[in-house]
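Read off the chains here:
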Amino acid sequence: MLSRTADHLFWMARYMERAENTARILDVTYRLSLLPQNGEEVEAMWSGMLKIMELQDAYLAKYPAYSTEAVLEFMIFDRDNPGSIYRCLRATRENAHAVRGTLTSELWETSNETWLKMRDFTVAKLLESGPGAFFEWVKYRSHLSRGVTIGTMLQDEALRFIRLGTFLERADNTARILEVKYLNLLPGADEEQAHATDYYQWSALLQSVSAFEVYRKVYRDQITPLRVAELLVLRADMPRSLARSMKEVHSNLTRVSNARSAETERLAGELESHLRFGRIERIFEGGFRKYLEDFRDRIFDLGCRISDDFLIPTSS
Amino acid sequence: MAITKFFNEMTADDGSVRAHYAGYAAWLSETPADRIARKRAEADSLFHRYGITFAVYGEESGTERLIPFDIIPRIIPAQEWKDLEAGLRQRVKALNSFIHDIYHDQEILKAGHIPAEQVLNNAQYRPEMQGVNVPCDIYAAIAGVDVVRAGAGEFYVLEDNLRVPSGVSYMLEDRRMMMRLFPELFARHRVAPVEHYPDMLLHTLRSLAPVGVTDPTVVVLTPGAYNSAYFEHAFLAQQMGVELVEGQDLFVSEDQVFMRTTQGPRRVDVIYRRVDDDFLDPKYFRKDSMLGVPGLLDAYRAGRVTVSNAIGTGVADDKSIYPYVPEMIRFYLGEEPILNNVPTYMCRKPEDLAYTLAHLPELVVKEVHGAGGYGMLVGPASTKEQIETFRQYLIANPEKYIAQPTLALSNCPTFVESGIAPRHLDLRPFVLSGTEVQMVPGGLTRVALREGSLVVNSSQGGGTKDTWVLEA
């Protein structure tokens, strides 16, 4: 397969996944912002979320203060914000357009139709139906896109690069969603103590990654921070967990393996086995937030390596 | 001289429906208007969803538009198609012989049938191709010949497109759309299929592989996703099951062309290029081209890769060479031309210029190197001011223009805002030349949607129709 084609497929999948997870992260933050608390805490929450998304500076360059409406507008519609859902869906469609001949026509049409609908959305329409309905729509378009991918694409290299993009992005994004939990913690506050008090926050977080029922089914017990973290980090049977994402990254990587990708495969395998054999208590001992940040750094490094090995070969 | 009488494809002068349209006309009259309106809206939304669009130059980048699609097909009876097809095959054969001759012994120039300077000083003549042999001596493997009808059985060739003719994807999509919207029509009519065009194209390209290559790797070379015909490039690559590449995906090493893949370099044998000559190889042609492949011409001249259409075919479809095509048919094939050429006044000749200037209101004036319906004057449809402006252009640069009588292009009933009304149309059949010459029955029918307009180009607001060749 052409390297450029693989690059477009990889990024097409990443942007679709990113749009979905941005909807999820906005959804959970929005729900948390509705819990009883003062205005300052709500502002801190939005500013923290933007920080996790690495979009705080871009936001402040445009808006003087944090408000729910402004952040939603910025994160959903802003054409200058490369992280907005609008831009993610446009990038998904542009990447798909560049390789439409490699996609099944159903997959291309799904992506094109999503973009055409997104273009017609407005802030007014969003406020009328409530942000929840919009986030739901984004999630379902992503589900549809993934379903059409698996249901129609030949199981060849093209599919591997799409799946690689999906899961690498998901690994990064799930880690970010977990970080949202720590947003309204004031600096210096005791993590332990915070964990004990906030059932609603943990359950909102579980819901945002479609894991509330899963949690009940797996643990049949009350919600505790340790278990939530275990479910979303270490459980490979949980489709959005870090462990599951890395398992998929590693196996898809092995299947597209080429003469220069050995070290990238090894690093992915190493990260996967840490998750596979790790214990959540040990992770918490070292500090959960720090763990998540380190994890994201390693995902970033893997992304660069995949690019060098397969997508934009530096030499011919 | 105003033209008043046009040949209507569907109805005869006495108002009766022509035999080959009888079935469709009956269907149209018995189908409720609201069902048709619904189907037309459905067609629009499907074309949008499929992303069957073209980019418009000169508008905001990334602007994509639909080409309007009309649900009333252009129907051609079997016998008429047979004659047309014979004429097209003959013409394209002669044109390929001409290009081969020009880049080798130039017999036709020596015989004095065409003034040598017309060919050798033409901007489209590529001296780099002199003496280069190409597989099967085929230069224009894919030709899209624009044909119009003036009267019963009276076809004129307007233009031979031998460089990178486009539109075949619309021919295929229009058929797919008609079959999806109105399957019952296909049950009533024996419409010759066109769906095998991509197979035929692949077969043609493979047959032109460099000598000694038994299982050639074929690719489609596109300028990229922002090109106006990108949809078609992607469509054809997908339908043929070959890679769609951009210049940046290819490189040349020791006169061999390779593409960059996830598994390392892979050899390329046949390039169906949709990039103009000028941009193909920055080493030899335009230095600033980002769309080409440095060294491609070296590999090509060494016979290690086939480029289709060949470099330098533009010398044969230039408007200044067009008047000589009938002469080529006689010279190379020893046959009389089956299809008519439109009488052409070459304004570089003083007597032709004088005639043109005296008859501007009744002529069509075109730029010799123009395309896409830009830069032309349709005398009968123009205001006095427009005519005077063109007169000044002609006097300033006569060699840049040709003039032709305004043809009474046939028309066909078409859905427009006010209902169904006749609109002018042309036809672009595609002729594939490899080890054999092949065609699918029909082609792309383009229709001028503005009342009275004779310009069918999609860049000028033209639409398309499905084209049915009825089997006998």
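Just so you know, these numbers come straight off a predicted model, no measurement behind them.

Quick question: what am I supposed to make of the domain arrangement of chain B here?
For interface size, the figure often reported is the accessible area lost on association. Residues and elements named next belong to chain B. Under the domain assignment used here, chain B contains domain 1 (19–342 + 407–469) and domain 2 (343–406). The distance between the C-alpha centroids of domain 1 and domain 2 comes to 26 Å. Contact residues are listed per partner, giving 15 residues for domain 1 and 14 residues for domain 2. In the side of domain 1 that touches domain 2, the residues fall into seven nonpolar, six polar and two charged.

When you look at the pairing of strand S23 (residues 462–469) of chain B in this model, what are you seeing that I'm missing?
Regular strands have side chains that alternate between both faces of the sheet. Residue and element names in this part refer to chain B. For S23, a buried count of eight out of eight residues is recorded, marking the element as mostly surrounded by other parts of the structure. As judged from the five bridges shared by strand S3 (residues 69–76) and S23, these two strands associate in the parallel manner. Note that in S23 the partner of Ile75 across the bridge is Trp468. Where strand S22 (residues 444–448) and S23 come together, four bridges link them in antiparallel fashion. Along S23, the bridge assignment pairs Ala448 with Gly462.

Where do I start with the pairing of strand S15 (residues 363–367) of chain B in this structure?
Residue and element names in this part refer to chain B. Across the five residues that make up S15, a large majority, four, are buried. Both S15 and strand S17 (residues 401–405) contribute to a ladder of five bridges, which runs antiparallel. Bridge pairing links Glu367 to Tyr401 in S17.

What's the story with the interface of chain B and chain A in this structure? I'm lost.
The interface is formed by 22 residues belonging to chain B together with 21 residues belonging to chain A. At the level of elements, helix H2 (33–50), helix H9 (230–240), strand S7 (243–245), strand S9 (256–261) and strand S10 (264–267) of chain B are the ones that each hand at least two residues to the side of chain B that touches chain A.

I keep staring at the environment of A:Pro131 and nothing clicks. Help me out?
All names here are of chain A. As for its placement among the helices and strands, Pro131 is situated in helix H8 (residues 131–152). A C-alpha to C-alpha distance of 8.4 Å links Pro131 and Leu72, two positions 59 residues apart in sequence. Every residue in contact with Pro131, bar those within four places of it in the chain, is listed here: Tyr30, Leu72 and Leu126.

Procedures and definitions
Residues numbered from 1 in each chain as written. Chains lettered and ligands numbered in written order. Predicted model: local features only at pLDDT ≥ 70, side-chain atom pairs only at ≥ 80, totals over all residues. Domains from an automatic or database assignment. Contact = placed C-beta atoms within 7 Å. Nonpolar A, V, L, I, M, F, W, Y, C, P; charged D, E, K, R; others polar. Buried ≥ 20, exposed ≤ 12 C-beta atoms within 10 Å, placed from the backbone. Helix = DSSP H or I, 4+ residues; strand = E, 2+ residues; numbered from the N terminus. Pairing = 2+ DSSP bridges.

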